[in-house]
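# Structural overview
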Amino acid sequence: MRKPVILITGASGEIGHGLIEDLSARQETSIITIDLQPLPREHRDLVDREYLGSILEIHLLERILAEFEVRTVFHLAALLSTRAEFSPMAGHQVNVEGTLKLLDFAQSQGESHGRPVVFLYPSSIAAYGLPDLETKSTAGRLKEHEWNQPTTMYGCNKLYCEHLGRYYADHYKQLAAETLSGKVDFRSIRFPGLISAETVPSGGTSDYAPEMIHAAARGEPYACFVRPDTRIPFMTMPDAVNALLRLAHADRSNLSRAVYNIAAFNPSAGQIAELVQRGFPEAKISFRPDLKRQAIVDSWPADVDDSAARNDWGLDPEYDLETAFSDYLIPRIRERY
Ligand code: AKB
């Protein structure tokens, strides 16, 4: 008998950090992880097995297939937008080829144990691409199907993998004599920028918000790489992890789509700076836009319509902009430094 488990790829990253803690607190199913980086010490005892390696190593996935019955996959491994823009081939390899391998792995798992593998895939607002600032300011809250013309390698990767997931779930090998689709239960969230009190992201383009807050807490000056009027949706990390778990546990029959927008608040970079300054009066924040990174953020929506997520599986973020700072970010980050 193989042991039933949840598999988390990219487990040492920012979302993995919160997810491992929440999943292990529920004590429902054992957890196994894959990442190139070791898990932080405090998480090692929370997982059943930690595989150090790349999701591109097929032998690693074969070993897992032989030993475990994977019921749920949280496929978090990715190269974020700034990093993937410097190395588009590496971005494609990790973000697309890696996801394809994981989807195929989930298909094999589903075929071998006979029940669909729930596959959680974090997509991103980077899947959108607005052509100019005027369109961005008049477009309103974008629905999932609008402006799907990403300008970054990462955004292209995310959008394509949303389609790959839908393909595996609904149309896999549609010309075969027997029906093989339905073994992967693909569920995806288009995440906004995420802000954690515990970790600082690296390689993203929405990183100006968390970088600003953590720099202030460390007493370091921060030069923000976008203009003060720059606006995209954001969410706290606990709300993001909670959303992922809600979607994972949602009744399949309530899900009207494969990919869902979610968001909690959408401050301008200037508003974020004011809130940081209020929490850390000594903070030295300036604005020195990097025109190329600015263009990427300008192509992302100012806000998204997340009504499908609210209706289908009860998205209900705990923190709005004010309470994210007053009740979560400022007190927790103060404790950390
Ligand atoms: C990034 O900036 O690349 C990510 C994202 C918005 O998906 N944080």
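Heads up: the structure comes first, above all this text.
The following refers to the structure shown. Just so you know, these numbers come straight off a predicted model, no measurement behind them.

## Looking at the overall build of the protein chain
Within the protein chain, the regular secondary structure consists of 13 helices and 11 strands. Relative to the 2.2 N^0.38 estimate, which gives 20 Å for 337 residues, the radius of gyration of the protein chain is 20 Å and therefore close to what a compact globule would have. Each principal axis of the C-alpha atoms in the protein chain carries an extent, and together these give about 60 × 45 × 40 Å. Across the 337 residues in the protein chain, those meeting the buried criterion constitute 56%. Here the analysis covers contacts within the protein chain between residues at least 6 apart in sequence; of these, 76% occur between residues at least 24 apart. Accessible surface computed for the protein chain: about 14,800 Å², of which carbon and sulfur atoms make up 49%. A gap of 2 Å separates the mean positions of the 35 positive and 46 negative side-chain charges of the protein chain.

## Quick notes on the packing of helix H8 (residues 208-218) against helix H10 (residues 269-279)
Where H8 contacts H10, the axes come no closer than 10 Å and their chain directions differ by 20°. Between H8 and H10, the crossing angle belongs to the class labelled roughly parallel. With respect to the hand of their crossing, H8 and H10 are arranged in right-handed fashion. Contacts from Tyr208, Ala209, Met212, Ile213 and Ala216 in H8 reach Ala269, Ile272, Ala273 and Val276 in H10.

## Section: the pattern of salt bridges
Summed over the entire model, instances satisfying the criterion amount to 16 salt bridges. In this structure, aspartate 48 engages lysine 3 in a salt bridge whose closest nitrogen and oxygen atoms are separated by 3.0 Å. Taken together, the residues aspartate 48 in the loop between helix H2 (41-44) and strand S3 (49-52) and lysine 3 in strand S1 (residues 3-9) connect sequence positions 45 residues apart. For aspartate 305, the salt bridge identified is with lysine 143, shortest N-O distance 2.6 Å. Here the residue aspartate 305 occupies a position in the loop between helix H11 (291-298) and helix H12 (307-313), and lysine 143 occupies one in the loop between helix H6 (133-138) and helix H7 (153-170), the gap between them amounting to 162 residues. Accessibility expressed as a relative area gives 12% for aspartate 305, which makes it buried. Relative accessible area serves as the criterion here: at 37%, lysine 143 is assigned to the partly exposed category. Where salt bridges share partners, they join Arg141, Asp303, Asp306 and Arg310 into one cluster.

## Considerations on the site of the ligand
Close to the ligand lie Leu80, Ser81, Ser124, Tyr154, Gly204, Thr205, Ser206 and Trp300. A distance of 2.7 Å is found between an oxygen atom of the ligand and a side-chain nitrogen or oxygen belonging to serine 124. Summarising the interface, the protein chains cover 91% of the accessible area of the ligand, which totals 260 Å² for the free molecule. Among the detected pockets, the ligand sits in the largest pocket. Across the shell around the ligand, the residue classes tally to 3 nonpolar, 5 polar and no charged.

## Regarding the sheet that holds strand S10 (residues 259-261)
What the 7 strands build is an open sheet, ordered S3-S2-S1-S4-S5-S6-S10; its pairing is parallel. Two strands bound the open sheet, and with one partner strand each, they are S3 and S10. The mean inter-strand angle of the sheet, taken between neighbouring strand axes irrespective of direction, is 20°. Across 8 bridges, the pairing between strand S5 (residues 117-124) and strand S6 (residues 184-191) is parallel. Residue leucine 120 lies in a different strand from S6, and its bridge partner there is arginine 187. Those strands touched by helix H9 (residues 237-249) are strand S4 (68-75), S5, S6 and S10, and its axis lies near 155° from that of S6.

## Looking at the layout of surface pockets
Empty space among the atoms can be located by rolling a probe the size of a water molecule over them. Estimated volume of the largest pocket: approximately 1,000 Å³. Residue lining of the largest pocket: 45 residues in total, with Gly13, Glu14, Leu76, Ala78 and Leu80 positioned closest to the centre. Mapped by element, the contributors of at least two residues to the lining of the largest pocket are helix H1 (14-26), strand S2 (30-35), helix H4 (81-86), S5, H7 and strand S7 (193-195). With 4 residues, the single largest contributor to the lining of the largest pocket is H1. Residues of the lining of the largest pocket, tallied by class, amount to 22 nonpolar, 18 polar and 5 charged.

The rules behind the values
- Residues numbered from 1 in each chain as written.
- Predicted model: local features only at pLDDT ≥ 70, side-chain atom pairs only at ≥ 80, totals over all residues.
- Heavy atoms only, no water.
- Helix = DSSP H or I, 4+ residues; strand = E, 2+ residues; numbered from the N terminus.
- Rg over C-alpha atoms; globule rule 2.2 N^0.38 Å.
- Buried < 20%, exposed > 50% of the residue type's maximum accessible area, 1.4 Å probe, protein only.
- Contact = heavy atoms within 4.5 Å.
- Areas by Shrake-Rupley, 256 points an atom, 1.4 Å probe, with all protein chains shown as cover.
- Lys, Arg positive; Asp, Glu negative; His and termini not counted.
- Charge placed at Lys NZ, Arg CZ, Asp CG, Glu CD.
- Axes fitted to C-alpha atoms, helices over the stretch in contact; angles between N-to-C directions.
- Parallel < 35°, antiparallel > 145°, perpendicular 65-115°, else oblique.
- Left-handed = near helix turned anticlockwise from the far one by under 90°.
- Salt bridge = Lys/Arg side-chain N within 4 Å of Asp/Glu carboxyl O.
- Near = heavy atom within 4 Å.
- Polar contact = N/O pair within 3.5 Å; in protein donor to acceptor, adjacent residues only side chain to side chain.
- 1 Å grid on protein atoms, 1.4 Å probe; cavity = no way out; pocket = protein on both sides within 12 Å on 5 of 7 lines; lining within 4 Å.
- Sits in = over half its atoms within 2 Å of the grid points.
- Nonpolar A, V, L, I, M, F, W, Y, C, P; charged D, E, K, R; others polar.
- Pairing = 2+ DSSP bridges.
- Points joined across faces, edges and corners; volume = space filled by probe spheres on them.

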